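Now for the letters of each chain:
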Amino acid sequence: MNQTHPAYMPRIIGHRGACGSAPENTLVSIRRAAEMGAKAVEVDATVSSDGIALLVHDTNLDRCSNGQGPVVLRTAAEIGALDAGSWFASEFKGESIPRLEQALALVVSLGIKLNLEIKPTLGWEEVTVHSVAETLQQAMPPGMPILVSSMNLLALELFHALMPDMSLGLITTAAPKNWLQRLQRYHCQALHCHHAFASHELVDDIHAHDYRIHVYTVNDEGRARELFAMGVDAIFTDYPDRMLSLEEA
Ligand code: G3P
Ligand code: MG
């Protein structure tokens, strides 16, 4: 595999860290993925009411913390005081929702690669993208390998305008028939889609145009083998430990 490709990621990407084994999008989840042997993690970034980029997947705080309501209606200090571990298991009680800056520092110290998904609350794209870009500009060491992705097209556009040299991935559910036009239009180097939409033909076509295809979310090793046999470049998995035998040497 061409590791010099701008959107290169190792084959096995820990989804929201290692979210099958630890509370998603927390520092312990990222650390757990690396301890399992993952060479890359994916996390989701959104923003607080005071414009601080944080790792949260959902619009609301309810599912993954003891907080309630929209993330964008709480300050970073309020969000940082929440318990984001107990909902998953009592052993994680007290784990907090990290700021993007903290996650970047951890990823750097672990020596792994990062796929940063920008997950704006709809309507807050500008604030979210500006905060993510500002955090990256301030806290990302030069040359740190980060692939930024989003399913939000406005976020991709805004982010590219702010950081035109950063590699981008377009996230979709289905692989669109006009994937090439969309990747070109949004300055992306990779398509991220649900694994059900991967096929030999699609993978070959994407590679023929020098793009990459990364698919989510694959937790079955047999299915992962099928996808790699098709030529899929990387998979997102909640259980990186199950997939490590499929990582390239
Ligand atoms: O980026 C791949 C995957 O994380 C996209 O879906 O909802 O898990 O963020 P979601
Ligand atoms: Mg994600």
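As shown above, the structure is provided for reference.
Fair warning: this is a prediction, and the values are worked out from it, not measured in the lab.

**Concerning the coordination of the magnesium ion (ligand 2)**
- Summarising the metal site, the magnesium ion (ligand 2) is bound by the protein donors Glu42 (OE), Asp44 (OD) and Glu117 (OE), whose distances to it range over 2.0 to 2.2 Å.
- The exposure class assigned to Glu117 is buried, which follows from its relative accessible area of 5%.

**Description of the site of ligand 1**
- Every residue near ligand 1 is listed here: His15, Arg16, Glu42, Asp44, His57, Glu117, Lys119, Ile171 and Tyr216.
- His57 places a side-chain nitrogen or oxygen 2.7 Å from an oxygen atom of ligand 1.
- Counted by class, the shell around ligand 1 contains two nonpolar, two polar and five charged residues.

**With respect to the pairing of strand β5 (residues 146-150)**
- Of all five residues in β5, five are buried; the element is thus mostly enclosed.
- The alternating pattern of β5 places Ile146, Val148 and Ser150 on one face and Leu147 and Ser149 on the opposite face, and all of these are buried.
- Pairing of strand β4 (residues 113-118) with β5, which is carried by four bridges, proceeds in the parallel orientation. What sits directly across from Asn115, in β5, is Leu147.
- Across four bridges, β5 lies against strand β6 (residues 167-171) in parallel orientation.

**Things to note about the pattern of salt bridges**
- Summed over the entire model, instances satisfying the criterion amount to ten salt bridges.
- Arg223 serves as the salt-bridge partner of Glu226, at 2.8 Å between the closest nitrogen and oxygen. Pair noted here: Glu226 and Arg223 are both in helix α8 (residues 221-230), with a separation of three residues, about one helical turn.
- With a relative accessible area of 18%, Arg223 lands in the buried category.
- A network of salt bridges, in which partner residues are shared, links Arg16, Glu24, Asp44, Asp58 and Arg63.

**Quick look at the packing of helix α3 (residues 100-110) against helix α4 (residues 125-139)**
- In the contact formed by α3 and α4, the axes pass within 10 Å of each other and the chain directions differ by 40°. One way to sum up the angle between α3 and α4 is to call them oblique. Remark: the crossing between α3 and α4 carries right-handed chirality. The segment α3 lies against α4, with Leu100, Glu101 and Leu104 engaging Val132, Thr135, Leu136 and Ala139.
- Looking at the contact of α3 with α4, its residues break down into five nonpolar, one polar and one charged.

Procedures and definitions
Residues numbered from 1 in each chain as written. Chains lettered and ligands numbered in written order. Predicted model: local features only at pLDDT ≥ 70, side-chain atom pairs only at ≥ 80, totals over all residues. Heavy atoms only, no water. Donors = N, O, S within 2.8 Å, 3.2 Å for Na, K, Ca; no water. Buried < 20%, exposed > 50% of the residue type's maximum accessible area, 1.4 Å probe, protein only. Near = heavy atom within 4 Å. Polar contact = N/O pair within 3.5 Å; in protein donor to acceptor, adjacent residues only side chain to side chain. Nonpolar A, V, L, I, M, F, W, Y, C, P; charged D, E, K, R; others polar. Helix = DSSP H or I, 4+ residues; strand = E, 2+ residues; numbered from the N terminus. Pairing = 2+ DSSP bridges. Salt bridge = Lys/Arg side-chain N within 4 Å of Asp/Glu carboxyl O. Axes fitted to C-alpha atoms, helices over the stretch in contact; angles between N-to-C directions. Parallel < 35°, antiparallel > 145°, perpendicular 65-115°, else oblique. Left-handed = near helix turned anticlockwise from the far one by under 90°. Contact = heavy atoms within 4.5 Å.

By themselves, these are just geometric observations and shouldn't be taken as functional.
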